[in-house]
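Examination of the molecular architecture
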Amino acid sequence: SFNKMAEQLEQVETMRRRLIGDVAHELRTPLTAIKGSAEGLMDGVLPASAETYQQIHNEAERLSRLVDDLQELSRVEALTITAVASTSRENRIAEL
């Protein structure tokens, strides 16, 4: 039982590391687009047009959705950890 729980924790940690890498990539993409657009505007390479500002706004909205998703994931993870701890505690009590 303990070995199984340790194995599950290792799998969760592996998934967590993979998720962090994926999240970093997903956040970097819109940030790069926003930064590139801002630099283009400052350098005069991009026109200060409604279309340019809309593209920047769209990328900011994308970032906002990603952050919202991360917050939701964090809440779900916290609930899951609480449930696992509670189940583990109940199992130990039942073994007594």
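See the structure printed just above.
To keep things clear, this report deals only with the structure shown in the data block.

1. Structural notes on the overall build of the protein chain
If you tally the helices and strands in the protein chain, you get 2 helices and 0 strands. Taken across its 96 residues, the protein chain has 9% of its residues classed as buried. Taken as a whole, the protein chain presents about 7900 Å² of accessible surface, with 58% of it coming from carbon and sulfur.

2. Side note on the side chain of S37
Position of S37 relative to the elements: it lies in helix α1 (residues 2-43). A relative accessible area of 11% means that S37 is categorised as buried. Beyond its immediate chain neighbours, meaning those up to four positions away, S37 contacts L46 and I56.

3. Quick look at a nonpolar patch on the surface
A cluster of nonpolar side chains, F2, M5 and L9, forms an exposed patch at the surface whose accessible area comes to about 330 Å². Position of M5 among the secondary structure elements: in helix α1.

4. Description of the environment of T32
Inspection of the secondary structure assignment puts T32 in helix α1. Taking the C-alpha atoms as reference points, T32 and E59, 27 residues apart in sequence, are found 9.3 Å from one another.

About the thresholds
- All chains use their own residue numbering, which begins from 1 and follows the written sequence.
- It should be noted that, the model being predicted, local features are given only for residues of pLDDT at least 70 and side-chain atom pairs only at 80 or more, the latter also being counted only at that level, while totals for whole chains, interfaces and linings use all residues.
- Hydrogens and water are ignored here; the side-chain numbers use all heavy atoms of the structure.
- Only runs of H or I of at least four residues qualify as helices and only runs of E of at least two qualify as strands under DSSP, and these elements are numbered from the N terminus.
- Here the term buried applies to any residue with accessible area under 20% of the maximum for its type, exposed to any over 50%, and partly exposed to those in between, with areas from a 1.4 Å probe on protein chains only.
- Throughout, the Shrake-Rupley method with a 1.4 Å probe supplies accessible areas, and for residues the shown protein chains are the sole cover considered.
- Only heavy atoms enter the contact rule, under which two residues are in contact if any of them lie within 4.5 Å.
- Excluding any residue in a salt bridge, patches collect residues exceeding 30% relative accessible area, merging like charges within 9 Å and nonpolar Val, Leu, Ile, Met, Phe, Trp and Tyr side chains within 5 Å.
- Definition used for salt bridges: Asp or Glu carboxyl oxygen within 4 Å of a side-chain nitrogen of Lys or Arg.

Note that every value here comes from positions in space, so none of it alone points to a role or purpose.
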